[in-house]
Amino acid sequence: MITKRIIPCLDVRDGRVVKGVNFEGLSDVSSPVELARHYSESGADELVFYDITASYEGRALFTDILRQVAETIFIPLTVGGGINTIEDFDRVLKCGADKVSVNSGAIRNPALIGEAAKKYGDQCVVLSVDVKRVDGEFRVFAKGGRVDTGMEAIGWIRRCVENGAGEVVLNSIDTDGVKRGFDLEMLAAVCEAVRVPVIASGGAGGVEDFVTLFKTLPAVDAGLAASIFHFGEVTIPELKAALKQEGIPVRLTI
Amino acid sequence: MIAVVDYGVGNLFSLRSSLRFIGAESCVTADPETLIKADKLILPGVGAFGDAAAKLRQSGLDQVVIEEAKGGKPLLGICLGMQLLFEKSLEYGEHAGLGLLKGRVVPMEGTLPSELKIPHIGWNALHITRQSPLLRYVREGDCVYFVHSFYAADCGESLIATAEYGAALTAAVQQGNVMGCQFHPEKSGRVGLNILRAFCEEEQEMKSEE
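All figures in this text were calculated on a predicted structure; none of them were measured in a lab.

Draft legend 1. The overall build of chain A, seen in detail. The secondary structure content of chain A amounts to 10 helices and 11 strands. Radius of gyration (C-alpha) of chain A: 17 Å, near the 18 Å computed for a compact globule of 254 residues. Its C-alpha atoms give chain A principal-axis dimensions of roughly 45 × 45 × 35 Å. Sorting the 254 residues of chain A into buried and exposed places 52% on the buried side. Sequence-distant contacts in chain A: of pairs separated by 6 or more residues, those separated by 24 or more amount to 64%.

Draft legend 2. Inspection of the overall build of chain B at higher detail. Of the regular secondary structure elements, chain B holds seven helices and 14 strands. For 210 residues, the compact-globule estimate of 2.2 N^0.38 gives 17 Å, and the C-alpha radius of gyration of chain B, at 16 Å, lies within 12% of that figure. Out of the 210 residues belonging to chain B, those deemed buried represent 51%.

Draft legend 3. Spatial organisation of the sheet that holds strand S6 (residues 95-96) of chain B. Residue and element names in this part refer to chain B. Pairing is mixed in the open sheet, where four strands are placed in the order S6-S5-S7-S11. Strands with a single pairing partner mark the edges of an open sheet, and in this sheet they are S6 and strand S11 (150-153). As judged from the four bridges shared by strand S7 (residues 104-107) and S11, these two strands associate in the antiparallel manner. If you follow Pro107 over to S11, its bridge partner there is Phe150.

Draft legend 4. Main features of the confidence of the model for chain B. This prediction gives chain B a mean pLDDT of 93; 96% of its residues lie at or above 70. Model confidence for the complex is summarised by a pTM of 0.94, with the ipTM given as 0.93.

Draft legend 5. Quick look at the pairing of strand S7 (residues 137-142) of chain A. Residue and element names in this part refer to chain A. Where strand S6 (residues 125-134) and S7 come together, five bridges link them in antiparallel fashion. Each residue of the ladder has a partner; that of Val131, found in S7, is Val140. Hairpin connection from S6 to S7: two residues lie between these consecutive antiparallel strands, with Asp135 at a positive phi of about 50°. Of the pairings in the sheet, the one linking S7 to strand S8 (residues 147-152) comprises three bridges and is antiparallel in character. Along S8, the bridge assignment pairs Phe141 with Asp148. What sits between the antiparallel neighbours S7 and S8 is a turn of four residues, in which Lys143 has the positive phi angle 55°.

Draft legend 6. View of the sheet that holds strand S12 (residues 159-164) of chain B. All names here are of chain B. An order of S2-S1-S3-S4-S14-S13-S12-S9 is seen for the eight strands of this open sheet, with the pairing classed as mixed. Two strands close off the open sheet at either side, each with one partner strand: strand S2 (26-29) and strand S9 (127-128). Sheet analysis places S12 next to strand S13 (residues 168-175), joined by five bridges and oriented antiparallel. Residue pairing in the sheet places Ala161 in a bridge with Ala172 of S13. Against the sheet, helix H4 (residues 61-70) contacts strand S1 (2-5), strand S3 (40-43), strand S4 (75-78) and strand S14 (178-181), and its axis sits at roughly 135° relative to S3.

Draft legend 7. Structural view of the interface of chain A and chain B. Contact with chain A, which involves 24 residues of that partner, is made by 25 residues of chain B. If one sorts the elements of the side of chain A that touches chain B by residue count, helix H2 (residues 56-72) of chain A sits on top with three residues. Taken together, the residues that form the side of chain A that touches chain B break down as nine nonpolar, seven polar and eight charged.

Draft legend 8. View of helix H1 (residues 32-42) of chain A. Those residues of H1 of chain A not exposed but buried are Pro32, Leu35, Ala36, His38, Tyr39 and Ser40 of chain A. In this structure, the buried side of H1 of chain A is in contact with strand S1 (5-13), strand S2 (16-17), strand S3 (47-51), H2 and helix H10 (236-245) of chain A together with helix H6 (189-200) of chain B. Phi turns positive, to about 105°, at Gly43 of chain A, one or two residues after H1 of chain A.

Draft legend 9. Representation of the packing of helix H3 (residues 86-93) of chain A against helix H5 (residues 111-120) of chain A in the model. All names here are of chain A. Between H3 and H5, whose axes approach to 10 Å, the crossing angle comes to 40°. Classified by the angle between their axes, H3 and H5 sit oblique to one another. Between H3 and H5 lies a crossing whose hand is right-handed. Contacts from Ile86, Phe89 and Leu93 in H3 reach Glu115, Ala116, Lys119 and Tyr120 in H5. When the residues that make up the contact of H3 with H5 are grouped by side-chain class, the tally is five nonpolar, no polar and two charged.

Draft legend 10. Focus on the nonpolar core. By size, the foremost hydrophobic cluster in this structure holds 81 residues, and its most contacted members are Leu47, Leu66, Val100, Leu127, Ile157, Val168 and Leu170 of chain A. Discounting chain neighbours no more than four positions away, the residues touching Val100 of chain A are Val79, Ile83, Phe89, Val92, Leu93, Ala116, Cys124, Val125 and Val126 of chain A. Val5, Ala53, Val147 and Phe183 of chain B belong to the second-largest nonpolar core, a separate cluster that totals 69 residues.

Draft legend 11. Structural context of the pairing of S4 of chain B. All names here are of chain B. Side chains Leu75 and Gly77 project from S4 onto one buried face, and the interleaved Leu76 and Ile78 project onto a second face that is buried too. With three bridges joining them, S3 and S4 adopt parallel strand pairing. Bridge pairing links Leu43 to Gly77 in S4. Pairing of S4 with S14 involves four bridges; the strand directions are parallel. From the neighbouring strand, Ile78 faces S14, where its bridge partner is Cys181.

Draft legend 12. Region of the structure containing the environment of Ile154 of chain A. Residue and element names in this part refer to chain A. Position of Ile154 among the secondary structure elements: in helix H6 (residues 153-163). Sequence spacing of Ile154 and Asn171 is 17 residues, and the spatial spacing of their C-alpha atoms is 13 Å. Leaving out residues up to four positions away in the same chain, Ile154 has contacts with Phe138, Ala189, Val190 and Ala193.

What counts, and at which threshold
Residues numbered from 1 in each chain as written. Chains lettered and ligands numbered in written order. Predicted model: local features only at pLDDT ≥ 70, side-chain atom pairs only at ≥ 80, totals over all residues. Helix = DSSP H or I, 4+ residues; strand = E, 2+ residues; numbered from the N terminus. Rg over C-alpha atoms; globule rule 2.2 N^0.38 Å. Buried ≥ 20, exposed ≤ 12 C-beta atoms within 10 Å, placed from the backbone. Contact = placed C-beta atoms within 7 Å. Pairing = 2+ DSSP bridges. pLDDT = per-residue confidence, 0-100. Axes fitted to C-alpha atoms, helices over the stretch in contact; angles between N-to-C directions. Nonpolar A, V, L, I, M, F, W, Y, C, P; charged D, E, K, R; others polar. Parallel < 35°, antiparallel > 145°, perpendicular 65-115°, else oblique. Left-handed = near helix turned anticlockwise from the far one by under 90°. Core = buried A, V, L, I, M, F, W, Y, C linked by C-beta atoms within 7 Å.

This is the structure we're talking about:
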């Protein structure tokens, strides 16, 4: 039986993981390579790296780090942030990424997803979308969730999947950072609309939130979170043990 | 030396990294001489069966792979590379494979329960159907990483492991020196690295099955 995936997400700027981290046994808590290894050994099913660098030098540093991670960690790696062109896909895929996540790049250039899917396959293209409720509808936000595009989200997601997005990461701005659980209503609407894997993001505050997510919405394939893992509030082994106890299929590595 | 057959499909970064990581000496090559001199071959592949089969044929490497495999050289097909080992595929038409193993490749669409998502993507548990050298370090229920929309059917005796996804999908095959994984061992953590390790280890052990 296919298992539910648990995915830690690392924001990287100028070669360093941005959010504060504190783990025993890690000599350098903001080293993406060390943190990635720690997560992989703890049983993370996949890792997402977001490049939040603005500069050219930072971008080169990012791909260098990605290469180091991919040379030593053998689980799927998704890369996002600053993906605007086919050349950007090429750049990160050559450095060991398995999937590439597009967000604002697809909003600016809606043809990007189709072109990338044709070249690299649907399985390689992940639509990442920041969604917030505005005037009673789900609205797509751009630029890291700061700008309302005016686009209705479910229709946008459906179009992107039709064009070749092989997975959808749904980040609810409404629940993000609140730590009171994933946005079940929004996720249900997306799962209803598309048949590709849906990854829940935004709102995880503890183990129970993942249990609730997978129990309430069996159509959701994965849960993504950053700070609760980085701060050690939730460890992946304890999370997976709890999910297993609730009868949710997970991959156990230990 | 392990030669990874380079016929212009797919990203070989992770495969090369994983082989290096387990200490196996490997090269990526399209040179027939190098393939013939190599101790073992890996046939990778992603994308569409028809395109990949055509590229392999155009490069002429299909005959090299077939002859080397028939001569007893260990060969591991990965993902689409495994599918190519079979007689044919029904992916968008009908395409001939290398014919090294009995069986055919069929779409999930229309054959699996409609509520299942296609592709089959993610970590799934292996059910071992027969003991084999390739999976000698794998335990029943170990998870590996899959990404595919087509699967091999009617594999007969070569079947060594399945994964449950609406049906018992072919996950791994071995018939003597010809082996294949539908999943990506280079992306399947420790379990996957151990499968590659089993393949890379001494030839005698690989053949001990007979």
